[in-house]
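One-letter residues, chain by chain:
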Amino acid sequence: MNLNKKVLLGFKKAFVNKDEISLSVLKMLKAAIEKKQKEKFYQLAKTKSDTTQKELQEKSCLNDEEILAVIASEIKKRNEALQLFKKGNRDDLAQKELKEIEILKQYLPPQLTDDQLKETIKNVIQELGISGQKDFGKVMKIVMEKVKGKAEGAKVAQLVKGFLGQ
């Protein structure tokens, strides 16, 4: 099942079950996905003036990888808000953000373990023959392509720095 349909199904289920927090989170996620589709539509419309409206709409539908990026972005926003709420001693709002993050994570593929992530990083570093911090960006780019949606960027960056700092 494609990810967009899975989100819509979750939205309908939350609506039927009157699960207000899930409904709210999935409504925001749907809006973010639609916004990204509109951006893609207008970008395509600028570059392809000879394409019909219907063709543009079909081409502007997001694939699973693009939807995963939207979900990851939404999780990142909530993690940032969570940190701010914790700093401000607003545990009630921090708990709400945690619940929202958990709901969004249901739509991500299974996350890699630390060992799997370390193995991937080690393989990339060996393939590229890299040994110094100056190549951090190159390693990050390739590792993030390989683990897209399966690991958080901050975690990957921390592990890559550990490997390159040795």
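Residues numbered from 1 in each chain as written. Predicted model: local features only at pLDDT ≥ 70, side-chain atom pairs only at ≥ 80, totals over all residues. Heavy atoms only, no water.

### A word on the overall build of the protein chain
Within the protein chain one finds 8 helices and 0 strands. What you see in the protein chain, going N to C, is helices and strands ordered as α-α-α-α-α-α-α-α. Taking the principal axes of the C-alpha coordinates as reference, the protein chain spans close to 50 × 50 × 30 Å. Sorting the 166 residues of the protein chain into buried and exposed places 33% on the buried side. At a minimum sequence separation of 6, the contacts of the protein chain that also span at least 24 residues come to 59%. Per element, the accessible surface of the protein chain, about 11,100 Å² overall, is 52% carbon and sulfur. (Helix = DSSP H or I, 4+ residues; strand = E, 2+ residues; numbered from the N terminus. Buried < 20%, exposed > 50% of the residue type's maximum accessible area, 1.4 Å probe, protein only. Contact = heavy atoms within 4.5 Å. Areas by Shrake-Rupley, 256 points an atom, 1.4 Å probe, with all protein chains shown as cover.)

### Considerations on the pattern of salt bridges
In total, this model carries 14 salt bridges according to the counting rule given. When the shortest N-O distance is used, the salt bridge between Lys36 and Glu39 registers 3.9 Å. One end of the pair, Lys36, and the other, Glu39, are both in helix α2 (residues 20-47), 3 residues apart, so they sit about a helical turn from each other. Given the relative accessible area of 40%, Lys36 is considered partly exposed. Residue Glu39 is classed as partly exposed on the basis of its relative accessible area, which comes to 38%. (Salt bridge = Lys/Arg side-chain N within 4 Å of Asp/Glu carboxyl O.)

### Regarding helix α5 (residues 91-105)
Each full turn of the α-helix corresponds to 3.6 residues, which orients residues three or four apart in the same direction. The end-to-end C-alpha separation of α5 is 21 Å, in line with the 21 Å expected for 15 residues at 1.5 Å each. Buried-residue contacts for α5 involve α2 and α4 (64-87). (Expected span 1.5 Å × (residues − 1).)

### Quick look at the packing of helix α7 (residues 136-146) against helix α8 (residues 153-165)
Direction vectors running N to C along α7 and α8 enclose 135 degrees, while the axes themselves pass 10 Å from each other. Taken together, α7 and α8 sit at an angle that is classed as oblique. The crossing of α7 and α8 is right-handed. From α7, Phe136, Val139, Met140, Val143 and Met144 reach across to α8, where they touch Gly153, Val156, Ala157, Val160, Lys161 and Leu164. Residue composition of the contact of α7 with α8, by class: 9 nonpolar, 1 polar and 1 charged. (Axes fitted to C-alpha atoms, helices over the stretch in contact; angles between N-to-C directions. Parallel < 35°, antiparallel > 145°, perpendicular 65-115°, else oblique. Left-handed = near helix turned anticlockwise from the far one by under 90°. Nonpolar A, V, L, I, M, F, W, Y, C, P; charged D, E, K, R; others polar.)

### What to know about the packing of aromatic side chains
Taken as a whole, this structure holds 1 aromatic pair when the rule is applied. Summarising the aromatic geometry, the rings of Phe41 and Tyr42 are spaced 5.4 Å apart at their centres and angled 85 degrees between planes, so their arrangement reads as edge-to-face. Classification of Tyr42 by relative accessible area gives exposed; the value is 52%. Above the face of the Phe11 ring, Lys30 is positioned so that its terminal group lies 4.1 Å from the ring centre. Geometry around Phe136 places Lys161 over its ring, the cationic atom sitting 5.7 Å from the centre. (Phe/Tyr/Trp six-rings, centres within 6.5 Å; stacked < 30°, edge-to-face > 60°. Lys NZ or Arg CZ within 6 Å of the ring centre and 35° of its normal.)

### Section: the environment of Lys96
Checked against the element boundaries, Lys96 lands in helix α5. What makes Lys96 partly exposed here is its relative accessible area of 39%. On a C-alpha basis, the gap between Lys96 and Val16 in space is 21 Å, while along the polypeptide they are 80 residues apart.

### Some remarks on the side chain of Arg78
Mapping Arg78 onto the fold places it in helix α4. Separated by 2.7 Å, the side chains of Arg78 and Glu100 make a polar contact. In this structure, Arg78 is in contact with Met28, Glu97, Glu100, Ile101 and Leu104, ignoring residues within four places of it in sequence. (Polar contact = N/O pair within 3.5 Å; in protein donor to acceptor, adjacent residues only side chain to side chain.)

### Considerations on the nonpolar core
By size, the foremost hydrophobic cluster in this structure holds 23 residues, and its most contacted members are Leu29 and Ile71. Residue assignment for this core shows that the elements contributing at least two residues are α1 (3-16), α2, α4 and α5. With sequence-adjacent residues up to four places away left out, Ile71 is seen in contact with Leu3, Leu29, Leu104, Tyr107 and Leu108. (Core = buried A, V, L, I, M, F, W, Y, C linked by side-chain atoms within 4.5 Å.)

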